[in-house]
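Given next are the chains, with one letter for each unit.
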Amino acid sequence: MKGLTQNKLKVLTLLSFICLMVPFSIYGLWIYVFNLGTTQTERVSAFKGYFPDFLTDRWSSTLLGIAFCFLAIIFSSISLKLSGKLWKALNILIIIVSSLMLFLNLFSMM
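Nothing here was measured: the structure is a model prediction, and the numbers come from that model.

Enquirer: Would you mind going over the environment of Thr-38 with me for this structure?
Expert: Examined against the element boundaries, Thr-38 turns out to sit in the loop between helix H1 (6–34) and helix H2 (40–49). By relative accessible area, which is 63% here, Thr-38 ends up exposed. The sequence separation of Thr-38 and Phe-51 amounts to 13 residues, and the corresponding C-alpha distance is 20 Å.

Take a look at the structure:
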């Protein structure tokens with residue numbers, strides 16, 4: 001990774017943050033939909049209604065969240081080489097939160 005400059009590492013940090021927002025958006029949408037429906041069937045159908053057809057399978061949104069958590073962890077771990085304390089702290093925070101979201105997604109599959 002010799003060709004990564006400080007600016008490229010900062011872009012990777014921002015990319016990892018964007019990747020982390022995908023699972024957060026999915027869980028945020030579930031919390032929103034959970035408050036709308038009265039039965040679990042209504043909630044699930046409303047939740048699936050927000051996604052395109054290829055993401056309406058049982059585990060598709062969970063697997064999407066897992067994939068983006070992995071990407072966020074990978075991008076942030078590469079960006080730990082940044083010299084600024086704020087950037088390092090942000091990358092560590094992204095790694096911790098992404099790991100927790102990853103475990104939450106894996107636990108929801110049990």
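Enquirer: Help me understand the packing of aromatic side chains, please; the structure alone is not making it clear to me.
Expert: Any two aromatic rings considered together are summarised by their centre-to-centre distance and by the angle between their planes. As enumerated under the stated definition, the model contains 3 aromatic pairs in all. On the basis of an interplanar angle of 55 degrees and a centroid distance of 6.2 Å, the ring pair of Trp-30 and Phe-34 is categorised as tilted. Here Trp-30 and its partner Phe-34 are both found in helix H1, 4 residues apart, which amounts to about one turn of the helix. On the numbers, 5.0 Å between centres and 70 degrees between planes, the contact of Phe-47 with Phe-51 is edge-to-face. Cation over ring: Arg-43 sits above Phe-34, and NZ or CZ is 4.1 Å from the ring centre.

Enquirer: Can you help me understand the nonpolar core in this one?
Expert: Generally speaking, soluble globular proteins have nonpolar side chains that are buried together. Ranked by internal contacts, the top residues of the largest apolar core, which has 14 residues, are Leu-9, Leu-12, Leu-20, Ala-72 and Leu-102. The dominant element in this core, judged by the number of residues it contributes, is helix H3 (residues 60–78), at 6 residues. Setting aside anything within four residues of it in sequence, one finds Leu-20 in contact with Ala-72, Ile-94, Val-97, Ser-98 and Met-101. Among the nonpolar cores identified, the runner-up in size contains 6 residues, and Ile-26, Leu-29, Val-33 and Phe-47 belong to it.

Scoring rules and cut-offs
- Residues numbered from 1 in each chain as written.
- Predicted model: local features only at pLDDT ≥ 70, side-chain atom pairs only at ≥ 80, totals over all residues.
- Heavy atoms only, no water.
- Helix = DSSP H or I, 4+ residues; strand = E, 2+ residues; numbered from the N terminus.
- Buried < 20%, exposed > 50% of the residue type's maximum accessible area, 1.4 Å probe, protein only.
- Phe/Tyr/Trp six-rings, centres within 6.5 Å; stacked < 30°, edge-to-face > 60°.
- Lys NZ or Arg CZ within 6 Å of the ring centre and 35° of its normal.
- Core = buried A, V, L, I, M, F, W, Y, C linked by side-chain atoms within 4.5 Å.
- Contact = heavy atoms within 4.5 Å.

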